[in-house]
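This is what each chain is made of:
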Amino acid sequence: MNIGVFLLVLSLAGLSGGGALAFNVRGASNALARRGEANAELRRHSLGDLGEPSRTASAGLFRFLGTVSALASVVLLLGALVELTG
């Protein structure tokens, strides 16, 4: 398998996942934020801590991380195209 094809597939997968978070496709980043809060609450309850809930990660943080991932995937995509054409 050529390294260019591998980079192309890897970058397209990263671009689709990062883009889904960055643009909040179907509420992806909101769902991750709700899931993180629910898991943190369950963890606190299992430890016996019934106090104030702590904020772990917001949907804005997930959108930022998705943007970083999508931009890194674009760099990989450009590298794959250079490798395939060269």
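About the criteria used
Residues numbered from 1 in each chain as written. Predicted model: local features only at pLDDT ≥ 70, side-chain atom pairs only at ≥ 80, totals over all residues. Heavy atoms only, no water. Axes fitted to C-alpha atoms, helices over the stretch in contact; angles between N-to-C directions. Helix = DSSP H or I, 4+ residues; strand = E, 2+ residues; numbered from the N terminus. Parallel < 35°, antiparallel > 145°, perpendicular 65-115°, else oblique. Left-handed = near helix turned anticlockwise from the far one by under 90°. Nonpolar A, V, L, I, M, F, W, Y, C, P; charged D, E, K, R; others polar. pLDDT = per-residue confidence, 0-100. Buried < 20%, exposed > 50% of the residue type's maximum accessible area, 1.4 Å probe, protein only. Lys, Arg positive; Asp, Glu negative; His and termini not counted. Salt bridge = Lys/Arg side-chain N within 4 Å of Asp/Glu carboxyl O. Contact = heavy atoms within 4.5 Å.

Draft legend 1. Representation of the packing of helix H1 (residues 3-22) against helix H3 (residues 59-85). Where H1 contacts H3, the axes come no closer than 7 Å and their chain directions differ by 160°. The orientation of H1 relative to H3 falls into the category roughly antiparallel. Crossing hand, H1 versus H3: left-handed. Its residues placed into classes, the contact of H1 with H3 shows 16 nonpolar, 9 polar and 2 charged.

Draft legend 2. Focus on the confidence of the model for the protein chain. With 99% of its residues at a pLDDT of at least 70, the protein chain reaches an overall mean of 90. Averaged pLDDT values over the elements of the protein chain bottom out at 90 in helix H2 (residues 28-47) and peak at 93 in H3.

Draft legend 3. Geometry of unusual backbone geometry. In this structure, Asn24 takes a positive phi of about 55° despite not being glycine. Structurally, the position occupied by Asn24 is in the loop between H1 and H2. Residue classification places Asn24 among the buried positions, given a relative accessible area of 18%. With phi around 55°, Arg26 is a residue other than glycine that occupies positive phi space. Mapped onto the elements, Arg26 comes out in the loop between H1 and H2.

Draft legend 4. Looking closely at the side chain of Arg44. Counting through the fold element by element, Arg44 comes out in helix H2. Buried within the structure, Arg44 lacks any salt-bridge partner; its nearest side chain of opposite charge belongs to Asp49, at an N-O separation of 4.9 Å. Every residue in contact with Arg44, bar those within four places of it in the chain, is listed here: Asp49, Glu52, Pro53 and Ser54.

Draft legend 5. Up close: the environment of Gly51. One can find Gly51 in the loop between H2 and H3. Between the C-alpha atom of Gly51 and that of Ala28, which follows or precedes it by 23 residues, the distance is 28 Å.

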